[in-house]
Amino acid sequence: MPIRRFALATFVLIALVLPGHAEDKAETPDAPQESPWKEFHFTERGFVASFPVAEKPKAASTPVAGQNPLLQHTYQANLARDTVYSIVVFEYPEGRAPNPPRPDYFIKVVEAYAKGSDTKVRKKASRTFDGRPGYEAVAEDGRGKRNHLIDLVANGDRIYMIVSAGPKGHSRSGDAERFRDGFRLLGGPPPPQDSKPDSE
């Protein structure tokens, strides 16, 4: 079942998003660092994205355990000790992806993400990307120290998850929005006819 597959795949993502989540270090803030933002084309996976790194992130591609032939391709950049930018592409065999997803599809994915990352969903709303159905949510840990901005969009046989996570207030930061807004789809089937313009 697609929802079950995606939920399981989301748990694989959790280990990649915040490698330092389980341990808290001293609260001394990291020194500010200037990070270059560059746009990269990932034509083999159907998207364009901007990352705050000089070199193009390489894909870590793995089959999702127990869900063959579903594949997970992860592109990630780590900044400082607690800020991560990650795009995960879940690639289904042709014609097997939920497209367009059912209304509750993304809700269940976000709930699975929150459970796997030990966070609580604070905000959630439907969103479109290039006219295609998607979803956006904000999650944070119980102490409010780590903040996640999560976006999802379906396009053809792929589901994209755009996640950035960082210190308190990260989801409202200019860098989090820049990462989200720098994501664009390349190709794919025409958007559904009843899609609305991109959400603000």
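A few points on the structure. (Residues numbered from 1 in each chain as written. Predicted model: local features only at pLDDT ≥ 70, side-chain atom pairs only at ≥ 80, totals over all residues. Heavy atoms only, no water.)

## Considering the pairing of strand β5 (residues 83–91)
Look at any regular strand and the pattern is simple: side chains alternate between the two faces of the sheet.
(1) Moving on: With 9 of 9 residues buried, β5 lies mostly within the body of the structure.
(2) Moving on: Burial of the side chains of β5 extends over both faces: T83, Y85, I87, V89 and E91 are buried on one face and V84, S86, V88 and F90 on the other.
(3) Moving on: In terms of strand pairing, strand β4 (residues 71–79) meets β5 through 9 bridges, oriented antiparallel. Paired with Q72 across the strands is F90, a residue of β5.
(4) Moving on: Where β4 folds back onto β5 in an antiparallel hairpin, the turn is made up of 3 residues, including A80, whose phi is positive at roughly 50 degrees.
(5) Moving on: Bridge count between β5 and strand β9 (residues 158–167): 8 bridges; the pairing is antiparallel. Along β9, the bridge assignment pairs F90 with I159. (Buried < 20%, exposed > 50% of the residue type's maximum accessible area, 1.4 Å probe, protein only. Helix = DSSP H or I, 4+ residues; strand = E, 2+ residues; numbered from the N terminus. Pairing = 2+ DSSP bridges.)

## Remarks on the pairing of strand β7 (residues 132–140)
(1) Moving on: Here β7 lies mainly inside the structure; 7 of its 9 residues are buried.
(2) Moving on: In terms of strand pairing, strand β6 (residues 120–129) meets β7 through 9 bridges, oriented antiparallel. Looking at the pairing, F129 lines up with R132 of β7.

## Topic: the sheet that holds strand β10 (residues 184–185)
(1) Moving on: The strand order β1-β2-β10 describes an open sheet built from 3 strands, whose pairing is antiparallel. If you trace the sheet from one side to the other, it starts and ends with β1 (38–42) and β10, each paired once.

## A look at the pattern of salt bridges
(1) Moving on: Inspection of every chain in the model, using the stated rule, returns 9 salt bridges.
(2) Moving on: Residues R102 and D104 are paired through a salt bridge, measuring 3.7 Å at the closest nitrogen-oxygen approach.
(3) Moving on: What makes R102 partly exposed here is its relative accessible area of 46%.
(4) Moving on: On the accessibility criterion, D104 (27% relative accessible area) is partly exposed.
(5) Moving on: Look at the salt bridges and you will find they share partners, linking R127, E136, R180 and D181 into a network. (Salt bridge = Lys/Arg side-chain N within 4 Å of Asp/Glu carboxyl O.)

## Observations concerning helix α3 (residues 174–181)
(1) Moving on: Every buried residue of α3 is listed here: A176, F179 and R180. With its buried residues spanning 95 degrees around the axis, α3 presents them on a single face. (Arc of directions from axis to C-beta.)

## Here we look at the sheet that holds strand β3 (residues 60–63)
(1) Moving on: Read across the open sheet, the 7 strands follow the order β3-β4-β5-β9-β8-β7-β6; overall the sheet is antiparallel. The open sheet has two free edges, formed respectively by β3 and β6, since each of these has just one partner strand. When the angles between neighbouring strand axes are averaged without regard to direction, this sheet yields 15 degrees.
(2) Moving on: Taken strand by strand, helix α2 (residues 105–117) contacts β6, β7, β8 (146–155) and β9, and its axis lies near 145 degrees from that of β8. (Axes fitted to C-alpha atoms, helices over the stretch in contact; angles between N-to-C directions. Contact = heavy atoms within 4.5 Å.)

The values reported here are purely geometric and, on their own, carry no functional implication.
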